[in-house]
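Read off the chains here:
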Amino acid sequence: MFIPILIASLVSSISAASIVSRSQSYPLPQPVVLGPQTTITIGNNVIAPDGFERSATLVNGIFPGPLITAQKGDNFAIEVVNELEDETMFRSTSVHWHGIYQNGTNYADGTSFVTQCPIAQNHSFLHTFSAQNQTGTYWYHSHYSVQYCDGLRGALVIYDPEDPLADMYDVDDASTVITLSDWYHVVAPVLRHIIGPTANSTLINGLGRYAGGPASDLAVISVEQGKRYRMRLVAMSCDSNFEFSIDGHNFTVIEADGQLTEPLVVDQLQIFAGQRYSVVLVANKPVDNYWMRSLPNPAGASFVGGTNSAILRYQGAPQVDPTTVNTPPQNIFAEYNLHALINPGAPGIPGYGNADINLNLQVTNLGGIFSVNGNPFQPPNVPVLLQILSGAQEPSQLLPNGSVIVLEANKVVELTLSTTNSPGGPHPIHLHGHAFDVVHSANSSTFNYVNPVRRDVVSAGTIGEQMVIRWTTDNSGPWFLHCHIDWHLDAGFAVVMAESPSDTAAHVNPVPQEWDQLCPIFDSLSPSQLGGGGRFSWEEAANIPGAVLFPSPSTLP
C-alpha cells in the first residue's frame, strides 16, 4: 500500500445564491472566492454536509474549499499553511493544482514524494507559478496519501476575457461552478486499510443526503428564465464517477479539463474523478424546480429521499422540492464524440505505434494491490524531483525501483494502458504536467488522430479495455501518472514519467529555498506528529462489519 504516503487575499462573496436552504427562505452561509495571490489554511473542523457530523480536513474551514479564480496570464502565489490538529487524520499535507502544467515550476506541483515532501504541521509553503496561457476549469486537492477524501478539495477557474465561445452563454461566475463529490462518514486513514471502501453520500456544491439519513439541506442552483449559463462541473470525487443530468434539460459541452471543445449537445454526462466539463444550460423551460442529478456508480445508488441530487430553481419558483421525473436519456454523452476546438490533432505521425516513444502499461491487481507492469508504486523516502536534482538520471538510479519511466526531451509519446484484472473500474487516469490527446477512448472501436478530445483525465475503461493517449515531452521534470481513484493510487496504481532528467535542474531553476527545507522538517516528525491514527486506524477498520482488509502493515506504530 501507499504508506507514507501571499500574501494578500482577494476575497469576495458570491454574488448569486448558488446554495440556498431547501426548506427556508434565507440563504445558507456563502463560500468565499479567492484570487491567484492568497493564503489558504489547512485545518480541521466538524461539519455535517449530508446531515452526519464528523471532523474533516478542510481549506479555510469549509467544504468544498473556497473557489480560487484568476484571469488568463495571472501569476499565482498561494501560501499553504498547515494548522492540522486532529490526530485521527493526517497532520501533514500537500496541495496539488490539478491540470496546471507547472512548466518550469515542477517543485510547485504539490505531489508528495514525487515533487516535494509534505508540509509538516505548523509550517507553510508558498506555491508560486504561472499558468501561462492556460484557461478553463481546474481544481486543487491534497496529494498526500488519501487525505483529500477527508475534505481537502476545491475548484480553481482561470477565466479567458477573449473566450471564443463567449457568445454561447450569458452567465459564467462563482454561482455556476458545480462541484460533485463523494463523501465518507469514516476518516480516510481508517478506510485506506479496506479494499474497496464505498462512499456514504454524494455532495453537490458541498451538500447532500445519505440513505436513511435526515432530509438535510440540498444545494440550490438559481437561474433566470431566458438566460444561458456556463456551468463548470468539477468531479472532486475520491472514487465514484457520476451520471450527471438535469430533468427536462439538454446542455451543450464546450470544455473538457481546461480544453475547449466543439459544442456537443447531450442530456446526460458521465464524469470521472478528477475530470471537469463546462456545459451551457439554456434556462428555457417553464418557471419551476427541477432535479439536478448526480448518480454515482456503486450498485444500488438511487435518488430516493433526495439522495444524489440538488435543485435547479428558476427565479420565481416556490421554495419546495421538485416533482420532476427522471426520464431515460435520449442523447447520452460519449467521449469519442468530443473534439478539440483549438489546434486540433494529435502530435506526431498518425497511426497506432507511430510515435517516437510507444509505451504499453498493463495494470494488474493481486489481493487489492495494484501493479503497473508488475510494479506497485510505493512512495520513495526522497521525492523524485530531489533525486534528480541530486544527480540521479537513469531509471536504475531513480526510486521507486521499476516505477519511474525516463523519457527523452521533445518526443511524441503514445501510451497504451489496459487493465487485465483490475477491479473497481472504470479507472480515471491523470497525467500531471500535460494535457494529452485521447486518440482511442476505452469504449471506442476506432482511433482518431485528426481531432481527438484533449484533456488531462481519461477513463481506462473496464477489464479488457484500453485507452491510448499522446503528448509531447516538452516539460522537463518528474510527472505523476496515476489512477484518480485515491484508494487505488494509495494501493499502488501509479508510475512517474521523468521527462529529460538531465534538463530538469536548469528547467526548474531556481528552486525556492523553503522547498529545500520541506524534507528535513518532514523527516524529523514523530508518529504522533504525522497523525493518521497509527495502528488504531487498522484496528478500527477491522471492526467495520463486512470490511475486507489489506494485511496489517507492520510499519504502523
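Now for a description of the structure that goes with this document.

**So, the sheet that holds strand β28 (residues 454-455)**
Move 1: Strand order in the open sheet formed by 6 strands is β23-β22-β25-β30-β27-β28, with mixed pairing between adjacent strands. Pairing within the sheet leaves two strands with one partner each, and these edge strands are β23 (369-372) and β28.
Move 2: As paired elements, strand β22 (residues 357-366) and strand β25 (residues 412-419) share 7 bridges and run parallel to each other. Considered in β25, the bridge of Leu359 is made with Leu415.

**Looking at the nonpolar core**
Move 1: Residues Trp97, Met231, Leu415 and Met497 are the most contacted members of the largest nonpolar core, which totals 122 residues.
Move 2: Counting residues in each nonpolar core, the second largest holds 12 residues, with Phe377, Leu398, Ala494 and Ala498 among its members.

**Points about the side chain of Asp182**
Move 1: Note that Asp182 resides in strand β11 (residues 177-183).
Move 2: On the basis of relative accessible area, Asp182 is assigned to the buried category, the value being 0%.
Move 3: A distance of 3.0 Å separates a polar atom in the side chain of Asp182 from a polar atom in the side chain of Tyr184.

**Focus on the environment of Ala542**
Move 1: Of note, Ala542 is situated in helix α7 (residues 535-542).
Move 2: Note on Ala542: relative accessible area 39%, which makes it partly exposed.

**A look at the environment of Trp487**
Move 1: Within the element layout of this structure, Trp487 appears in helix α3 (residues 486-490).
Move 2: For the pair formed by Trp487 and Gly424, sequence separation is 63 residues and the distance between their alpha carbons is 9.9 Å.

**Topic: the state of the cysteines**
Move 1: Using the criterion set out here, one finds 2 disulfides in the structure.
Move 2: Here Cys117 pairs with Cys519 through a disulfide, and the sulfurs are 2.1 Å apart. Taking the torsion about the sulfur-sulfur bond, which here is approximately 95 degrees, the covalent link between Cys117 and Cys519 counts as right-handed. You can see Cys117 sitting in the loop between β7 (95-98) and β8 (124-130) and its partner Cys519 sitting in helix α5 (residues 513-523), a full 402 residues away along the chain. One exposure class covers both Cys117 and Cys519, and it is buried.
Move 3: At a sulfur-sulfur separation of 2.1 Å, the disulfide partner of Cys149 is Cys238. Between Cys149 and Cys238, the disulfide has an S-S torsion of -115 degrees and is therefore left-handed. Here Cys238 lies in the loop between β14 (228-235) and β15 (242-246) and Cys149 lies in the loop between β9 (136-142) and β10 (153-159), a separation of 89 residues in the sequence.
Move 4: A residue is classified by how much of its surface remains accessible, and Cys149, at 1% relative accessible area, is buried.
Move 5: What links to what in the protein chain: the bonded cysteines, counted in sequence order, pair as 1-4, 2-3.
Move 6: Free of any disulfide, Cys483 has its nearest neighbouring cysteine sulfur in Cys238, separated by 11 Å.

**Quick word on the layout of surface pockets**
Vacant regions in the atomic arrangement are exposed by a probe of water-molecule size rolled over the atoms.
Move 1: Estimated volume of the largest pocket: approximately 900 Å³.
Move 2: The wall of the largest pocket is formed by 42 residues, among which Tyr101, Gln134, Gln259, Ala435 and Arg454 lie closest to the centre.
Move 3: Taken together, the elements giving at least two residues each to the lining of the largest pocket come down to β9, β10, β14, β17 (259-266), β27 (436-440) and β30 (466-472).
Move 4: With 3 residues, the top contributor of residues to the lining of the largest pocket is β30.
Move 5: Of the residues in the lining of the largest pocket, the class split is 16 nonpolar, 14 polar and 12 charged.

So, how was this worked out
- Residues numbered from 1 in each chain as written.
- Predicted model: local features only at pLDDT ≥ 70, side-chain atom pairs only at ≥ 80, totals over all residues.
- Heavy atoms only, no water.
- Pairing = 2+ DSSP bridges.
- Helix = DSSP H or I, 4+ residues; strand = E, 2+ residues; numbered from the N terminus.
- Core = buried A, V, L, I, M, F, W, Y, C linked by side-chain atoms within 4.5 Å.
- Buried < 20%, exposed > 50% of the residue type's maximum accessible area, 1.4 Å probe, protein only.
- Polar contact = N/O pair within 3.5 Å; in protein donor to acceptor, adjacent residues only side chain to side chain.
- Disulfide = S-S within 2.5 Å.
- 1 Å grid on protein atoms, 1.4 Å probe; cavity = no way out; pocket = protein on both sides within 12 Å on 5 of 7 lines; lining within 4 Å.
- Points joined across faces, edges and corners; volume = space filled by probe spheres on them.
- Nonpolar A, V, L, I, M, F, W, Y, C, P; charged D, E, K, R; others polar.

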